[in-house]
Amino acid sequence: MKISVIGCGYLGAVHAASMAELGHDVVGIDVDRAKVELLSQARAPFYEPGFEELLARSLASGRLRFSADMADAAGAVVHFVCVGTPQKRSEYAADLRYVEAAAESLLAVLRPGDLVAGKSTVPVGTAARLAELVDGKVPGAMLAWNPEFLREGFAVQDTLHPDRLVYGLAPGAEGEVARALLDEVYATIVAAGTPQVVTDYATAEMVKTAANSFLATKISFINAMAELCEATGADVKQLADAIGHDDRIGRKFLNAGLGFGGGCLPKDIRAFMARAGELGADQALTFLREVDNINMRRRIRMVELAREVCDGSLLGKRVAVLGAAFKPDSDDIRDSPALNVAAQLQLQGAVVRVTDPAAVENCRRLWPQLDYADTAEEAAERADAVLVLTEWKQYKELDPVAFGLIVKQKRVLDGRNALDRDSWTAAGWSYRALGRRAG
Ligand code: UGA
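Here the structure is a predicted model, which is why all the values come from computation and not from measurement.

Peer 1: An account of the overall build of the chain is requested, with residue identities and associated values reported.
Peer 2: On a plain count of helices and strands, the chain comes out with 18 helices and 14 strands. Here the C-alpha atoms of the chain give a radius of gyration of 23 Å, agreeing with the 22 Å that 2.2 N^0.38 yields for 439 residues. Overall, the chain is about 70 × 50 × 40 Å in size when its C-alpha atoms are taken along their principal axes. Every one of the 439 residues in the chain was classed for burial, and the buried ones make up 54%. Long-range pairs, those at least 24 residues apart, make up 72% of the contacts in the chain with a sequence separation of at least 6. In the structure as shown, the chain presents an accessible area of about 18,700 Å², 54% of it carried by carbon and sulfur atoms.

Next up, the structure:
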């Protein structure tokens, strides 16, 4: 099948390469020529395990190419819209300018019978509006909403083996035709027995924001418990293990620590609140404000804890920050809790050295005022405190005995509850973590 993918960021680039892997003839379109150039050379513009291999395979098969010219999308039957929907500056709402620009420029290449399939995360109501635009300008062209649930770090796996397919369709015969086209695109995935939810536009759009809101709420719930654990001397990790055994609750996404960041969860819950307000249903989502507040408080608490362990003052203290990406196996620093804490520590007078296995290059570009090191050992040299803020495997596997020889003071703050407390304390470190007793 001939497919175009508009927008080759995280979502689009992985989607384009994955669709070619499934046997389709795919063109990825992006306005950023540098990105198109990189992708065409089988080089990933971001860190994602397994993606470069997939990209190389798909390019070599001759079924995948990239272009900066929308005219190259002509001839495709299904056009996936995968552009970003960031938070607007100084507002909670999502910025839809890229979605609108993509739709507008697609109109020039659309033919009757073509399907525009939106994958971007959009405020509910967007698909209906775009459907009118498409149908008004190119009668017979169709629109569907087909949200994506991939996680960074597992993007390839999540795209090729999703846990569900959601189709938001127009009512009646048009919807049936669109459904058949999507089933053809995802034939391999459908044949594997992947659950399908076939629904209307609004529900499909809401599935995505509701899912991310639920995940954010789960994380903030356990972080609220961590605050209480700190007040009572209880242990949030054991608490999470214990409640997680109840499979109605489940242990996943109950890892207390610095909280959520990245390009999705924070902006999605805010855009959802903004949209609820526009719809006159803001009360339904006021709890998400609290979810956001709990999340942001964790960062402040981490800075306070660092000050506490540095004998009450950060001025002139050497602090090593291990981890800058918003989560491991990613070089994404958008709304990264780790980087946010590092910047705060520096603002408050600490001498901060940040390291990360993948994100340092991005950090240098965005936060040139911070000092960076290539390795954990280099960052920790003569440090008064070591903060582990992203739970990379490399940091979980550090040898506390050898690492203790590098620092000035053996004080470790485990911002992700990821270290083995016993082995660190046995090696003479003072251990502090969010929601757990000092060790
Ligand atoms: C998230 C969703 O998990 C995906 O399903 C969704 O498709 C994607 O957003 C999106 O909207 O595109 P992602 O942003 O890659 O995926 O990251 P997550 O794995 O959800 O982690 C988000 C943040 O929560 C990270 O900062 C992570 O460290 C934090 N987190 C996660 C916790 O603090 N505790 C946990 O138990 C789990």
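Peer 1: Would you mind going over the packing of aromatic side chains in detail, with residue names and values included?
Peer 2: On inspection of all chains with the given rule, the structure shows eight aromatic pairs. A ring pair is formed by Tyr47 and Trp392, whose centres lie 6.0 Å apart and whose planes are at 65 degrees; its orientation type is edge-to-face. Here Trp392 lies in the loop between strand 12 (385-388) and helix 16 (393-396) and Tyr47 lies in the loop between helix 2 (33-40) and helix 3 (51-60), a separation of 345 residues in the sequence. When its relative accessible area of 34% is taken as the criterion, Tyr47 is described as partly exposed. The exposure class of Trp392 is buried, given its relative accessible area of 2%. Site record: aromatic cluster; members linked through ring pairs are Tyr10, Phe46 and Phe51. Lying over the aromatic face of Phe154, Arg151 brings its terminal NZ or CZ to 4.3 Å of the ring centre.

Peer 1: Requested: an account of the domain arrangement of the chain, with residues and values cited.
Peer 2: As far as domains go, the chain holds domain 1 (2-199) and domain 2 (215-433). Each of domain 1 and domain 2 has a C-alpha centre, and these two points are 33 Å apart. Taken together, the 16 residues of domain 1 in the interface contact 19 residues of domain 2. Across the interface of domain 1 and domain 2, roughly 1,400 Å² is buried in total on both sides, 56% from carbon and sulfur atoms. Broken down residue by residue, the surface that domain 1 buries against domain 2 is led by Tyr47, Tyr92 and Glu152, which jointly contribute 49%. At the junction of domain 1 and domain 2, the tally comes to one salt bridge. The salt bridge involving Glu152 is made with Arg334; its shortest N-O contact spans 3.3 Å. Along the contact surface separating domain 1 from domain 2 lie eight residue pairs in polar contact (both at pLDDT 80 or more). Counted by class, the side of domain 1 that touches domain 2 contains nine nonpolar, five polar and two charged residues.

Peer 1: Can you explain the site of the ligand? Please cite residues and give values.
Peer 2: Among the 21 residues in the neighbourhood of the ligand, the closest are listed as Phe149, Leu150, Glu152, Lys208 and Asn212. With respect to the ligand, the backbone of Glu152 contributes an N or O atom lying 2.7 Å from an oxygen atom. A distance of 2.8 Å is found between an oxygen atom of the ligand and a backbone nitrogen or oxygen belonging to Phe326. Surface burial for the ligand is 90%, taken as the share of its 720 Å² of free accessible area covered by protein chains. Elements with a minimum of two residues in the shell around the ligand: helix 9 (201-232) and helix 11 (265-278). Here the shell around the ligand gets four residues from one element, more than from any other, and that element is helix 9.

Scoring rules and cut-offs
- Residues numbered from 1 in each chain as written.
- Predicted model: local features only at pLDDT ≥ 70, side-chain atom pairs only at ≥ 80, totals over all residues.
- Heavy atoms only, no water.
- Helix = DSSP H or I, 4+ residues; strand = E, 2+ residues; numbered from the N terminus.
- Rg over C-alpha atoms; globule rule 2.2 N^0.38 Å.
- Buried < 20%, exposed > 50% of the residue type's maximum accessible area, 1.4 Å probe, protein only.
- Contact = heavy atoms within 4.5 Å.
- Areas by Shrake-Rupley, 256 points an atom, 1.4 Å probe, with all protein chains shown as cover.
- Phe/Tyr/Trp six-rings, centres within 6.5 Å; stacked < 30°, edge-to-face > 60°.
- Lys NZ or Arg CZ within 6 Å of the ring centre and 35° of its normal.
- Domains from an automatic or database assignment.
- Buried area = accessible area lost by both parts, 1.4 Å probe.
- Salt bridge = Lys/Arg side-chain N within 4 Å of Asp/Glu carboxyl O.
- Polar contact = N/O pair within 3.5 Å; in protein donor to acceptor, adjacent residues only side chain to side chain.
- Nonpolar A, V, L, I, M, F, W, Y, C, P; charged D, E, K, R; others polar.
- Near = heavy atom within 4 Å.

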